[in-house]
Structure formats: structure tokens, C-alpha cells
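# Structure assessment
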Amino acid sequence: MAPDRAAASARVPSPPSELTDGVVWLRPLRAADAPAVAQAGDDPEVARWTPFPSPFTTEHARRWMAAQDAAGTVNLIVTDRANGTRVLGWVGLHDLDLPQRRAELGIWLAADARGRGVGRRAMVLLTGWGFREMGLLRIAALCLSGNTRGRRAMEAAGFVPEGVLRAYEDVKGVRHDTAILGMVHTDPRD
């Protein structure tokens, strides 16, 4: 029997007003963030691994943000200070299946945020919240097979490689093999 996803979506907790480890802060995405999201997301590496067009304009950012909200995604901005307006990236939980207590994590980072542990920290913060506050038992993360930097960050955050989904993801008309990584609530964490 298929789970009742409509009923489950009514039980999605509100995103936290702030999550931090003292170095990275996560806060809910706001409509006023669209210009900063566009600036951070207008990057060749982000465009390479996501459906984002290049250039990625404020209007593109507004449409992407609206689509994320409509899909019920837990959307959080990654920043480097409390109530920060400088967007280092985005992290979210999407494809929420609350009856099965699982979700998928998505993340992208601006160029100046990569290689500093920002992504790992953001993923650790969000997965911890998902397990604690949403009662999730499993969080998956998908990464295009060629995105070795992204995959390494996911593994550093505690995701375990589980396999490759062949020709799984279409990005701008090209099919890509996609690594699937997973984390369960009983996995050891920092």
C-alpha cells in the first residue's frame, strides 16, 4: 500500500530558526535572499552539478526557491554568522517520506565556501536535526559520479557509499551515473 504522503506533509516540522556549530550557521531561506542566492549559485561548478542555468539570475533563484517550497523541502541557507545575509550555499531535506521516516539531503556551495569544511559542517548540522527533530531513520544523499569533491564531503559528514545508480540523473539533457550514499540514525557521529 502506498503511504499517505499528503497526510505526512502536514506533519513536517518547521525548519529550525537557526542551527550552528559556532563556525557555520543554517537558517531558513527567505524571499529576500533571492539576490544573494543568485550570486552564490551563479558559479560554473554549481551549474555543472545542478540543474541551475548559467548565468543564474535573481529571477532563476526566485523560481528555484518557489519550487523548493512547493515541494515541501526543508530549505536552509548556509552562512558564516548568526542572521547572516552572505550566502555560502544551501542545504535541504527533500523527497520527505515521513511514514517511512526517510528523506534525501541536497547541498550546493558557493565557490568561496568550498574546501573549508563548510559543506561537511552544514550536512552534520542538518542530518542531526533531521534525526532528532523529524524522527527520521534514514537520510540519503545522491551525488553525480564525477563530483568527487561533493562525494568526499558527504563521506566526511558520515554518509556511507551504497552504490551507483546508472544513468539515473538528467542534468541539462545529459544522463549521469549517480552515487547513492546513506546515513541511518544509529550510525556513529562526531
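Parameters at a glance
Residues numbered from 1 in each chain as written. Predicted model: local features only at pLDDT ≥ 70, side-chain atom pairs only at ≥ 80, totals over all residues. Heavy atoms only, no water. Pairing = 2+ DSSP bridges. Helix = DSSP H or I, 4+ residues; strand = E, 2+ residues; numbered from the N terminus. Contact = heavy atoms within 4.5 Å. Axes fitted to C-alpha atoms, helices over the stretch in contact; angles between N-to-C directions. Buried < 20%, exposed > 50% of the residue type's maximum accessible area, 1.4 Å probe, protein only. Parallel < 35°, antiparallel > 145°, perpendicular 65-115°, else oblique. Nonpolar A, V, L, I, M, F, W, Y, C, P; charged D, E, K, R; others polar. Phe/Tyr/Trp six-rings, centres within 6.5 Å; stacked < 30°, edge-to-face > 60°. Salt bridge = Lys/Arg side-chain N within 4 Å of Asp/Glu carboxyl O.

Reading across the sheet, the eight strands line up as β1-β2-β3-β4-β5-β6-β8-β7 and stay open at both edges, with mixed pairing between neighbours. A single partner strand is all that each edge strand has here, and the edge strands are β1 (19-20) and β7 (160-171). Bridging between β7 and strand β8 (residues 174-184) involves eight bridges; their strand directions are antiparallel. Opposite Val-171, over in β8, you have Val-174 as the bridge partner. The sheet contacts of helix α5 (residues 118-133) involve β1, β2 (25-28), β3 (74-79), β4 (89-97), β5 (102-109), β6 (138-144) and β8, and relative to β5 the element is tilted by about 160 degrees.

Negative phi characterises most residues that are not glycine, and trans characterises most peptide bonds. Along the chain, Ser-54 connects to Pro-55 via a cis peptide bond; the corresponding omega equals 5 degrees. Position of Pro-55 relative to the elements: it lies in the loop between α3 (44-49) and α4 (58-70). A positive phi angle, close to 55 degrees, is found at Lys-172, a residue other than glycine. Summarising the element assignment, Lys-172 is placed in the loop between β7 and β8. With relative accessibility at 46%, the residue Lys-172 sits in the partly exposed group.

Across the nine residues of β4, eight count as buried, placing the element largely inside the fold. Pairing of β3 with β4, which is carried by five bridges, proceeds in the antiparallel orientation. Directly across from Val-78, in β4, lies its bridge partner Gly-89. Strand direction decides the pairing type here: β4 and β5, joined by seven bridges, are antiparallel. Directly across from Trp-90, in β5, lies its bridge partner Trp-108.

Moving on, we come to the packing of helix α2 (residues 34-41) against α4. What describes two packed helices is the angle between their axes and the distance between those same axes. Two elements in contact, α2 and α4, have axes separated by 8 Å at closest approach and are oriented at 105 degrees. Viewed along their axes, α2 and α4 adopt a mutual orientation that is roughly perpendicular. Facing α2, whose interface residues are Ala-34, Pro-35, Val-37 and Ala-38, α4 presents Thr-58, Ala-61, Arg-62, Trp-64 and Met-65. Of the residues belonging to the contact of α2 with α4, the class tally is seven nonpolar, one polar and one charged.

Moving on, we get to the packing of aromatic side chains. Scanning the model with the defined rule gives five aromatic pairs in all. The interplanar angle of 80 degrees and the centroid separation of 5.2 Å between the aromatic rings of Trp-64 and Trp-90 together place this pair among those described as edge-to-face. With a gap of 26 residues between them, Trp-64 in helix α4 and Trp-90 in strand β4 connect regions that are remote in the sequence. Accessibility expressed as a relative area gives 5% for Trp-90, which makes it buried. Pairing Trp-64 with Trp-108 gives two aromatic rings, centres 6.2 Å apart and planes at 65 degrees, and the pair type is edge-to-face. Of this pair, Trp-64 sits in helix α4 while Trp-108 sits in strand β5, and the two are 44 residues apart along the sequence.

We now examine the pattern of salt bridges. Pairing between side chains of opposite charge can happen when their charged atoms approach one another. Within this structure, the stated rule accounts for 13 salt bridges. In this structure, a network of salt bridges that share partners links the residues Asp-80, Arg-81, Arg-86 and Asp-112.

Burial of β3 is extensive: six of the six residues sit out of reach of the surface. Burial along β3 is two-sided: Val-74, Leu-76 and Val-78 and Asn-75, Ile-77 and Thr-79, pointing in opposite directions, are all buried. Note that β2 and β3 share four bridges and pair antiparallel. Counterpart to Trp-25 in the pairing with β3 is Thr-79.

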